[in-house]
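# Architecture and fold: a report
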Amino acid sequence: MSSSSLTRRSALLAGAGLAGAAMLQSREATAAPSGRGWDRSYSGGPDRAASPPAEPDRDYRPTMTPGGATAPWKVVDGVKVYHLVAEEVEHEFAPDMKARCWGYNGRVHGPTIEAVEGDRVRVYVTNRLSAPTTVHWHGIFLPNGMDGVGGLNQRAIAPGETFRYEWTFRQSGTFMYHSHHDEMTQMAMGLMGMIVVHPRKEPADEQVDRDFVIMLGEWKVVPGASKPDPNEMTDFNLLTMNAKAFPGTVPLVCKTGDRVRIRLGNLSAMDHHPIHLHGYYFKVVATDGGRLPRSAQWPETTVLVPTGSTRTVEFVADAPGDWAMHCHMTHHVMNQMGHEIPNMIGVDMGQTEKKARHVVPGYMAMGKDGMGDMAQMGMAIPDNSIPMVGARGPFDYITMGGMFTIVKVRDELPADGSDPGWYVNPPGTVADTATTDELRRDGIVV
Amino acid sequence: MSSSSLTRRSALLAGAGLAGAAMLQSREATAAPSGRGWDRSYSGGPDRAASPPAEPDRDYRPTMTPGGATAPWKVVDGVKVYHLVAEEVEHEFAPDMKARCWGYNGRVHGPTIEAVEGDRVRVYVTNRLSAPTTVHWHGIFLPNGMDGVGGLNQRAIAPGETFRYEWTFRQSGTFMYHSHHDEMTQMAMGLMGMIVVHPRKEPADEQVDRDFVIMLGEWKVVPGASKPDPNEMTDFNLLTMNAKAFPGTVPLVCKTGDRVRIRLGNLSAMDHHPIHLHGYYFKVVATDGGRLPRSAQWPETTVLVPTGSTRTVEFVADAPGDWAMHCHMTHHVMNQMGHEIPNMIGVDMGQTEKKARHVVPGYMAMGKDGMGDMAQMGMAIPDNSIPMVGARGPFDYITMGGMFTIVKVRDELPADGSDPGWYVNPPGTVADTATTDELRRDGIVV
Amino acid sequence: MSSSSLTRRSALLAGAGLAGAAMLQSREATAAPSGRGWDRSYSGGPDRAASPPAEPDRDYRPTMTPGGATAPWKVVDGVKVYHLVAEEVEHEFAPDMKARCWGYNGRVHGPTIEAVEGDRVRVYVTNRLSAPTTVHWHGIFLPNGMDGVGGLNQRAIAPGETFRYEWTFRQSGTFMYHSHHDEMTQMAMGLMGMIVVHPRKEPADEQVDRDFVIMLGEWKVVPGASKPDPNEMTDFNLLTMNAKAFPGTVPLVCKTGDRVRIRLGNLSAMDHHPIHLHGYYFKVVATDGGRLPRSAQWPETTVLVPTGSTRTVEFVADAPGDWAMHCHMTHHVMNQMGHEIPNMIGVDMGQTEKKARHVVPGYMAMGKDGMGDMAQMGMAIPDNSIPMVGARGPFDYITMGGMFTIVKVRDELPADGSDPGWYVNPPGTVADTATTDELRRDGIVV
């Protein structure tokens, strides 16, 4: 094969990796499309020489995946090597709520793959499932045969096999990985994770102090069942951030004044989740298509994260407190069984509870005044299920569940970076009963 | 407590309000995060002195909430005082269609709270419901203890109690308020409203002639039932603008050439509504995160309003006519029962109607040619329900319902600002049957 | 009628078309709203003289609607004349999967109407359906009486009648047309199509080499039924691009280096589809509200297309390969029956299949390892239905269906522009089993 018959895509992979790169760079000028005012490239451009493998803390500030983990890697001959093992995992969504899901490396979702633009990476994928699978690297520029669509770009990885994927990151941003074989089933079972690629040299005015990664997901686990139901299309009952449902979610801890980045990725089966942060606005600064120019960034308090996309938001955490952050679809801040019981607002409970027990033995009907008071009563619920809502908060029971977490901003943090506990409000800054004097002064008649 | 131990957040509230402000302002420089190119603040910045309470017409042009109302207020010692009473309300969605909902001050939704940047406000909330509640001020920068998440930021307001919320508006834009205790139930029952905060001094090129406020909502009221069903997750059958379903909605009346702003807020349980305006394009100029820079504004004819967010659009009403404006999800421009009957396209009706009557006594099956001709037949429908679609229009029956209204643009308006009636089209500008001569000239064979 | 009593809207239509235009132009200055920094017009401005009818290839590069067609037209006295016939159509969604739908001119959806800014157009609409209908021109600036909302802007077109619509295009972009009478029924049956209006003179840096048009749709056709069910609100089972479900979709063929535009329009009943392109990012450059300024364009790999809107994306096809492009909602890349069978992951099949056969005679239960292996088994399915997923691919069975297609980018294309077949990957660039040497070198234990 003569050098001129090499496609620019094949050279790096077919050759010795770094060896072939110099030649490729010299071809860049001619290979670039004549964009006539267009960006030069929409797929990362021609292959480039891999840069030396970047090191955390030296070359980039690592991200944090609250409730999740970052994938380990090692360097072999200048290439970062990762290993994903697809397997069944007993996963805890929240205290006392587990199911047998499909994940990677003993985790649901899989660990966050973190690298730096210019890194060459090799990812081995071992299939320990009972079904064939593949991995698609969502948003990543790579050779067509590494794209991971079963049947179209490769054959599926049979149970027991280990496949090798390999490319050089020619972009930075927030991306995702997931099964692309029998997607509906395998993604519903949990086969997905996040990918973060840092810029080789991040501009000073884009650097942050905290860099969080949150993957949004939705599941149907029938109360008492041992595994998710992949056929569900609409009535999801476990809504998760990094595969945890409140009160199982892990808070985002920040110091007052920190520049904060939150990278949201959504691989829910069907829903586009609107994630709302209390107390702040943020700017939407990037998608899985890359960083938005400043001129195009939208200020928001709620960012809609369409499924199959990522949204990166940034803000300065200048207001201390315990700030809720959650999906704004009201059924998505409920846990199991929130939607499956009759409407009892204003109705006597006696007969209805009997009826409901035919469906969910031992379960209690929704209160005649709603559900706010139910979770805290300690009523009987089926084994391996969680109350519809809640956890004890600093003031009262928190009547939220599912896709809900807390951004904890403090002037001082514990030295070990651990959860600082509940916020202590400055005196006089908490909503409470109005005094008789206040009501009289303001002419309020109640 | 020494002055240096004061947080910047607590000072204004703990102190005498206006009194503490001068001191705070002197601390701004040190309190500001060193953003290195970032905006200085993402939560409104340090507390600032409240400005003198702004007056409508003098300091700002008031908004209008078609089919709704604006909350009254009074000034006490330089503070604007509002009072919300959460209570059960018999609400009319459309003529002959009522349900017992939960609202504020006898209204569903609650009245629009209108103020101006720099105004200090005190909002009393009285709970006359049978369940505990709270109010969250969506998008507003305020002390953490005023944020209204039950359990997390405050204890819930028990039935009979009156709570006091208080802050200074340090931002302008379109925001919302709603219950944040047992959200799924209480929001589905109607506990929500809009907040508009005008800039203290609006730039001339952002001023408008008409400023409309529309809150989008969705409900399930089983035909014949007396109250909404908060457990519904997908099959909503009353889709509303300011809690009214067409033909109950109130049109938006404009004069030709008016600069028009429409502030859309969505607190539907689950849906992101795409609101389409006929005959025009508009620009999306703001979210609940604030005003978009001009460089970032998108032209649209349909704006997607994710639930839990606001979208403000602006245009010049330079084309006279009766222009439809509606959600583009086709089931959301239907009223009750549009979706609950068998598909009869092309089928004989006899047997089916009998079957359907087992479910909805007295009801008629969907016509074999669709539903366009049904509403106008005056067929029997259950008590306290509305036809799937429609109202009499200037030409024919309008086969739309739900989240549908009309923007009426006229060269001349009634002096009292009332509905100008149907548009009178200039001769020759209405689609109608082609003449034989036209068909012959154009070679159309039918 | 004196000239001063003419509205600017009626003159062109009531008069001789081109004849009245000169007079209108002289009125533009006074008719324009005093926007004080605003754009002069949000509805196309005052009527303008029609330009001479533009010719394809000479005045614009025609679009292509893969799997669909472009509407023919002829010029009569300087006006482009089109004819749409609404009628029942036997439509093939995919091989062996047909249903009786409603379309235009024997097609489902209707043909793409293509024109150029400044063209004057006359569209005749003949109703050969059994029900009254209308046509709304979504996003188009036109006289109010041409807007097509049944009852509001015109009377409905009765069966057998032919109506005339007429206007001058005063804008360019991607728009849509659809029934606006008994919308829910008639749109669910298929009455819709795309409209493309080219600029009179396209700026050089906005010109493209390939210009594709894709309309997104969703349908419920019960397996074995002969027609769509318009009452379905959530559980759609045929998800289409240009009314075709994979493997019935037609690929988008490009030459390496081509500048590519894809115009996506969505008139699905209820869903906002997130369309993901593999291997690339693109820029969102336009909506049905018009072209976005460069400063506002977002880079994306997945564009959310809200129903009732269009999104135009552009990229340079500089990476050869077979790249998947599809809706990222996992149930939308499944065909019929994907969602209607019990969850069998890890369960013995015997009893379940018997049970499922009560519902769908002859059908097979979902495999205990998911559904990836089912479609290729040649199992019995009901007449006139399609497997849940798939088609044979170059490597393996492709386990995707529905709203899925392939962007085929090649260095060389067949001279006749036909489908170039499957991509031949350069050696060493396809994910495959890792060798023992590779595993040993990289220290991977499996």
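Scroll up to find the structure this text is about.
None of the values given here were measured: they were computed from a predicted structure. (Residues numbered from 1 in each chain as written. Chains lettered and ligands numbered in written order. Predicted model: local features only at pLDDT ≥ 70, side-chain atom pairs only at ≥ 80, totals over all residues. Heavy atoms only, no water.)

## Quick word on the overall build of chain A
Defined as follows: Per the convention used, a helix needs a DSSP run of H or I reaching at least four residues, while a strand needs a run of E reaching at least two, with both numbered from the N terminus. Remark: exposure states derive from per-residue accessible area (1.4 Å probe, protein chains only) relative to the maximum for the residue type, with buried under 20%, exposed over 50%, and partly exposed in between. A contact between two residues is defined here by any heavy atoms of the two lying within 4.5 Å. All accessible-area figures derive from a Shrake-Rupley calculation using a 1.4 Å probe, and residue coverage is judged against the displayed protein chains alone.
Counting its secondary structure elements, chain A contains 6 helices and 24 strands. The buried share of chain A, taken over its 446 residues, is 68%. Within chain A, contacts between residues separated by at least 24 positions form 72% of all contacts whose residues are at least 6 apart in sequence. On chain A, roughly 13,700 Å² of surface is accessible, and the fraction owed to carbon and sulfur atoms is 52%.

## Digging into the interface of chain B and chain A
So the rule is basically this: A simple way to read buried area is as the amount of 1.4 Å-probe accessible surface that goes missing from two parts once joined, with both sides added. In what follows, salt bridge is the name for a side-chain nitrogen of Lys or Arg lying within 4 Å of a carboxyl oxygen of Asp or Glu. Under this definition, polar contacts are N or O atom pairs within 3.5 Å; protein pairs additionally need one hydrogen-donor-capable and one acceptor-capable atom, and for neighbouring residues in sequence, both atoms have to be side-chain atoms. All amino acids are sorted into three groups, where Ala, Val, Leu, Ile, Met, Phe, Trp, Tyr, Cys and Pro are nonpolar, Asp, Glu, Lys and Arg are charged, and the leftover types, Gly among them, are polar.
Counting from both sides, the interface comprises 91 residues of chain B and, opposite them, 90 residues of chain A. For the pair chain B and chain A, the summed buried area comes to about 7,200 Å², and 59% of that belongs to carbon and sulfur atoms. There are 4 salt bridges connecting chain B and chain A. On the surface where chain B and chain A come into contact, there are 33 residue pairs in polar contact (both at pLDDT 80 or more). Residues belonging to the side of chain B that touches chain A are distributed by class as follows: 36 nonpolar, 34 polar and 21 charged.

## Re the interface of chain A and chain C
Taken together, the contact pairs 91 residues of chain A with 89 residues of chain C. Summed over both sides, the interface of chain A with chain C buries roughly 7,200 Å², with 59% coming from carbon and sulfur. Run the count over chain A and chain C and you get 4 salt bridges. Residue Arg164(A) is joined to Glu438(C) by a salt bridge in which the shortest nitrogen-to-oxygen separation is 3.0 Å. Our count for the contact surface shared by chain A and chain C stands at 33 residue pairs in polar contact (both at pLDDT 80 or more). Considering each element in turn, the side of chain A that touches chain C owes the most residues, 5 residues, to helix H1 (residues 8-14) of chain A. Split by residue class, the side of chain A that touches chain C holds 36 nonpolar, 34 polar and 21 charged.

## Overview of the pattern of salt bridges
One pass over the full model with this rule turns up 87 salt bridges over all chains. Between Arg441(B) and Asp442(B) there is a salt bridge; the shortest N-O distance is 3.1 Å. Judged by its relative accessible area of 41%, Arg441(B) is partly exposed. Linking Glu202(C) and Arg261(C) is a salt bridge whose minimum nitrogen-to-oxygen distance equals 3.1 Å. Of the two residues, Glu202(C) sits in the loop between strand E9 (192-198) and strand E10 (210-219) while Arg261(C) sits in strand E13 (residues 259-266), which places them 59 residues apart along the sequence. Among the charged side chains, a salt-bridge network with shared partners connects Arg120(A), Arg122(A), Arg164(A), Glu166(A), Glu438(C), Arg441(C) and Asp442(C).

## Side note on the sheet that holds strand E9 (residues 192-198) of chain B
Strand pairing in a sheet is mediated by backbone hydrogen bonds. Such pairs are either parallel or antiparallel. Residue and element names in this part refer to chain B. Note the following rule: Should DSSP find at least two bridges between two strands, the strands are taken to pair. Structural elements are reduced to axes, namely lines fitted to C-alpha atoms, with helices fitted over the stretch in contact, and the angle between N-to-C directions of any two is expressed from 0 to 180 degrees.
Pairing in this open sheet of 4 strands is mixed, and the strands run E4-E9-E8-E6 from one edge to the other. Strand pairing shows two members of the sheet lacking a second neighbour, strand E4 (113-116) and strand E6 (136-138), which therefore form its edges. Along the sheet, successive strands turn relative to each other by an average axial angle of 25 degrees, direction set aside. In the sheet, E6 pairs with strand E8 (residues 173-178) via 3 bridges, with the strands oriented antiparallel. What sits directly across from Trp137, in E8, is Tyr177.

## Section: the relation of the copies chain B and chain A
What counts here: The copies were overlaid with a least-squares fit restricted to C-alpha atoms from residues scoring a pLDDT of at least 70 in each copy.
For the pair chain B and chain A, the relating rotation is 120 degrees, the translation along its axis is 0.0 Å, and the fit reaches an RMSD of 0.0 Å. Given the turn and translation reported, the copies of this chain are related as if by a three-fold rotation axis. Taking the C-alpha atom as reference, chain B places Ala296(B) closest to the rotation axis, 2.5 Å from it. When you check the interface residues of chain B against chain A, a mere 7% turn up at the interface there too, and the two sides of the contact use different surfaces.

## Here's the deal with the relation of the copies chain A and chain C
Rotating chain A by 120 degrees and translating it 0.0 Å along the rotation axis places it on chain C, where the RMSD comes to 0.0 Å. An asymmetric contact is evident, with only 7% of the interface residues of chain A recurring at the interface of chain C.

## Considerations on the nonpolar core
Put simply, the rule reads: Buried Ala, Val, Leu, Ile, Met, Phe, Trp, Tyr and Cys residues form a nonpolar core when they are joined through side-chain atoms within 4.5 Å.
With 207 residues, the main nonpolar core has Trp137(A), Tyr165(A), Trp137(B), Tyr165(B) and Trp137(C) as its most contacted residues. Setting aside its immediate chain neighbours within four residues, Trp137(C) contacts Leu84(C), Ile113(C), Val123(C), Val125(C), Leu142(C), Met146(C), Asp147(C), Tyr165(C), Trp167(C), Met176(C), Tyr177(C) and Ile195(C).

## Description of the pairing of strand E18 (residues 302-305) of chain B
Residues and elements named next belong to chain B. Of the two faces of E18, both are covered, the one formed by Thr302 and Leu304 as well as the one formed by Val303 and Val305. Where strand E14 (residues 273-277) lies against E18, 4 bridges are found, and the strand directions are antiparallel. When the bridges of E18 are listed, His276 appears paired with Thr302.

## Description of the packing of aromatic side chains
Threshold: Two aromatic rings from Phe, Tyr or Trp, using only the six-membered ring of Trp, form a pair when their centres are within 6.5 Å; if the ring planes differ by under 30 degrees the pair is stacked, by over 60 it is edge-to-face, and anything between is tilted. Here, a charge over a ring is recorded when the distance from Lys NZ or Arg CZ to the ring centre is within 6 Å and its angle to the ring normal is within 35 degrees.
Taken as a whole, this structure holds 36 aromatic pairs over all chains when the rule is applied. Seen from their ring centres, Tyr280(C) and Phe315(C) are 5.1 Å apart, and the 50 degrees between their planes marks the pair as tilted. Of the two residues, Tyr280(C) sits in the loop between strand E14 (273-277) and strand E15 (282-287) while Phe315(C) sits in strand E19 (residues 309-316), which places them 35 residues apart along the sequence. With relative accessibility at 0%, the residue Tyr280(C) sits in the buried group. By way of ring pairs, the aromatic residues Tyr104(A), Trp137(A), Tyr165(A), Trp167(A), Phe169(A) and Tyr177(A) are connected into one cluster. The ring of Trp73(B) has Lys80(B) sitting right over it, with the charged end atom 4.3 Å from the ring centre.

## Side note on the sheet that holds E14(B)
Residue and element names in this part refer to chain B. Read across the sheet, 5 strands follow the order E12-E23-E20-E14-E18 without closing on themselves; strand pairing throughout is mixed. The sheet terminates laterally at strand E12 (252-255) and E18, the two strands that pair on one side only. The sheet shows a mean angle of 20 degrees between the axes of neighbouring strands, taken without regard to direction. Bridge count between E12 and strand E23 (residues 404-410): 4 bridges; the pairing is parallel. Bridge pairing links Val253 to Lys408 in E23.

## Examining the state of the cysteines
By definition, a disulfide links the sulfur atoms of two cysteine residues through a covalent bond. The criterion, for reference: Pairs of cysteine sulfur atoms within 2.5 Å are what we label disulfides.
All told, the structure shown has 0 disulfides over all chains when counted by the stated rule. For Cys327(A), which is in no disulfide, the shortest distance to another cysteine sulfur is to Cys327(C) and amounts to 18 Å. Take Cys327(A): its relative accessible area is 0%, and that puts it in the buried class. There is no disulfide at Cys101(C), and the cysteine sulfur nearest it, in Cys327(C), is 20 Å away. What makes Cys101(C) buried here is its relative accessible area of 0%.

## So, the side chain of Thr405(B)
Residues and elements named next belong to chain B. By the secondary structure assignment, Thr405 is in strand E23. Polar side-chain contacts of Thr405 include one of 3.2 Å to the backbone oxygen of Val250. In contact with Thr405, other than residues within four places in its own chain, are Met241, Thr249, Val250, Pro251, Leu252, Trp323, Ala324 and Met325.

## Comments concerning unusual backbone geometry
Residue and element names in this part refer to chain B. A cis amide bond, omega -15 degrees, links Val108 with the succeeding residue His109. Mapped onto the elements of the fold, His109 is located in the loop between strand E3 (97-104) and E4. In the Ramachandran plot, Asn105 falls in the positive-phi region, its phi being about 55 degrees despite a non-glycine side chain. Turning to its location among the elements, Asn105 is positioned in the loop between E3 and E4. The exposure class assigned to Asn105 is partly exposed, which follows from its relative accessible area of 29%. Unlike most non-glycine residues, Asn242 shows phi in positive territory, near 50 degrees. Relative to the elements of secondary structure, Asn242 occurs in the loop between strand E11 (238-241) and E12. Taking relative accessible area as the criterion, Asn242 reaches 6% and is therefore assigned buried.

## Points about the environment of Thr162(B)
Mapped onto the secondary structure, Thr162(B) falls in strand E7 (residues 162-168). Apart from the residues within four sequence positions on either side, Thr162(B) is in contact with Asp432(A), Thr433(A), Ala434(A), Leu439(A), Val446(A), Tyr124(B), Val125(B) and Thr126(B). Engagement of the side chain of Thr162(B) in a polar contact is seen with the side chain of Thr126(B), the distance being 2.8 Å.

## Quick word on the environment of Ala86(B)
All names here are of chain B. Structurally, Ala86 can be placed in strand E2 (residues 79-94). Note on Ala86: relative accessible area 0%, which makes it buried. When the C-alpha positions of Ala86 and Thr162 are compared, they lie 10 Å apart, and in sequence the two are 76 residues distant. Leave out the neighbours within four places in its chain, and Ala86 touches Gly103, Tyr104, Thr126, Asn127, Arg128, Leu129 and Leu191.

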